[in-house]
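# Structural features, examined
In case you want the letters, here they are:
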Amino acid sequence: MNQNIEKLYQISGKPVRNIIGLMSGTSFDGLDVALCQFSGHGINTKVKVLHFVTKDYTTGFKEELKSVFAKRTTDLERITLLNAFIGFYYGELILQCLEEWNVSVGDVDAIASHGQTIFHAPRHLHGIENYGNATLQIGDADHLAVQTGIITLSDFRQKHIAAGGEGAPLALYGDYLIFSSPVENRIMLNIGGIANFTFLPVGYGSGCFSTDVGPGNTLMDQYIQLKFPGRYYDKNAEMSSAGTVNESLLTALLEHPFFAADFPKTTGPELFSMAYLQNAIKVSGQDGINDFDVMATLALFSAQGIIQAISKCIAGQGPYDIYLSGGGMYNPLLVKYIEDHFGCKLKSTTELGIDPDAKEAVLFAMLANEALAGGKTNYGNIKNLPSVSMGKISFPN
């Protein structure tokens, strides 16, 4: 038997597996690295986060990523070079983490790498005849595996699309197995570049649901980066809090057909871009609007997308608690809009034992655990959310 296949077999049968989950989102702030300890699989999954850190990217690397991100036309040579470079770079960052944590390579069973999304193209957005859903993440896992000496699983979104999904959101799979409760309905709201939520009814019964809802931080981040070079986000909502919401612009922003489309659905910065904002400014007759008013309006726009989606999808489902994760949870204005509408205090996944900053990295570690040891969970007959095992395997030798 090939020694790598034999090792996979051994890992799948271990009572406890140590898996490093990696996540790099559309904000390009850094690489989230979570060393997770798993036992069981499926609804019997138990996970403990042993270590977590975000390894900050250099300004130069952020600019490299931005140069190829969400662009219909870009430099193919640069994408090719970055694909290899990112895999190698992730490997270096993992080795740094292991040294800092005093953990040996041999104590890690696998790495789960999301990679770096550079384009997301669901059918309902591209509208090109004869083509289906598609998405692209770069950061070659063979480079990562060879650099670290650790079996690596990657490219999780492709199986999701192949099985009939849109490649996102994948949050349902982790939320369902890790956060389902026998006593309360839960909404797991993640506000990253794009906002998404998972609804978890009491227990592991039918009715769970997950969808993107629209922009979270992406438009605010893009606008900050365009207008205030050297700044990447609106820290503590300083700029959006200094402005006044422009109702005409807000109405124009909310008029896109995406918001009326059926759930579940996915989207990305490919739609919610500076071109989207500039068009809304034009059609609403708000040329010359100041930067602070734009930011104030974008904050409420993101909140409205979240509020409308939750209100529509969870109508009549009874009381529920909302648990936050993602960078948007640190925007106090955005959070206040949501809390004021629902009349409740938003909670953090910290209350459920998972650092909200680590949640997405833990999710991909969990997907790897399912690929290695589970893969039999039936998530129910949910549109665009197939019950599949995800992740391609790269061997270190």
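Let me begin by describing the structure that accompanies this report.

Scoring rules and cut-offs
Residues numbered from 1 in each chain as written. Predicted model: local features only at pLDDT ≥ 70, side-chain atom pairs only at ≥ 80, totals over all residues. Heavy atoms only, no water. Axes fitted to C-alpha atoms, helices over the stretch in contact; angles between N-to-C directions. Helix = DSSP H or I, 4+ residues; strand = E, 2+ residues; numbered from the N terminus. Parallel < 35°, antiparallel > 145°, perpendicular 65-115°, else oblique. Contact = heavy atoms within 4.5 Å. Nonpolar A, V, L, I, M, F, W, Y, C, P; charged D, E, K, R; others polar. Buried < 20%, exposed > 50% of the residue type's maximum accessible area, 1.4 Å probe, protein only. Polar contact = N/O pair within 3.5 Å; in protein donor to acceptor, adjacent residues only side chain to side chain. Left-handed = near helix turned anticlockwise from the far one by under 90°. Pairing = 2+ DSSP bridges.

Moving on: the packing of helix α7 (residues 171-179) against helix α14 (residues 359-373). Taken N-terminus to C-terminus, the directions of α7 and α14 make an angle of 85°; their axes are 9 Å apart at the nearest point. Judged by the inter-axis angle, α7 sits roughly perpendicular to α14. Contact with α7, carried on its side by Ala171, Tyr173, Gly174, Asp175, Leu177, Ile178 and Phe179, involves Lys359, Val362, Leu363, Met366, Leu367 and Glu370 of α14 and no other residues of that element. For the contact of α7 with α14, the residue count by class is 9 nonpolar, 1 polar and 3 charged.

You can see Gln225 is positioned in helix α8 (residues 218-227). By relative accessible area, Gln225 is classed as buried at 17%. Only 3.4 Å separates the side chain of Gln225 from the side chain of Lys66, close enough to count as a polar contact. Apart from the residues within four sequence positions on either side, Gln225 is in contact with Lys66, Arg231 and Tyr232.

This brings us to the packing of α8 against helix α12 (residues 291-313). Axis separation between α8 and α12 bottoms out at 9 Å; the angle between their running directions is 165°. Taken together, the axes of α8 and α12 are roughly antiparallel relative to one another. Handedness of the crossing formed by α8 with α12: left-handed. The residues of α12 that touch α8, namely those facing Leu219, Met220, Tyr223, Ile224 and Lys227, are Asp291, Val294, Met295, Leu298, Ala299, Phe301 and Ser302. Tallied by class, residues from the contact of α8 with α12 come to 9 nonpolar, 1 polar and 2 charged.

So, about the pairing of strand β7 (residues 186-191). Extensive coverage of β7 is indicated by the burial of 6 of its 6 residues. Here β7 shows no split at all, with Arg186, Met188 and Asn190 on one side and Ile187, Leu189 and Ile191 on the other all buried. Pairing of β7 with strand β8 (residues 194-200) involves 6 bridges; the strand directions are antiparallel. When the bridges of β8 are listed, Met188 appears paired with Thr198. Taking the residues between adjacent antiparallel strands as the criterion, β7 and β8 are bridged by 2 residues. In this structure, β7 lies alongside strand β10 (residues 321-325), joined through 5 bridges in parallel fashion. Across the sheet, residue Ile187 finds its bridge partner in β10, namely Ile322.

Geometry only, nothing functional implied.
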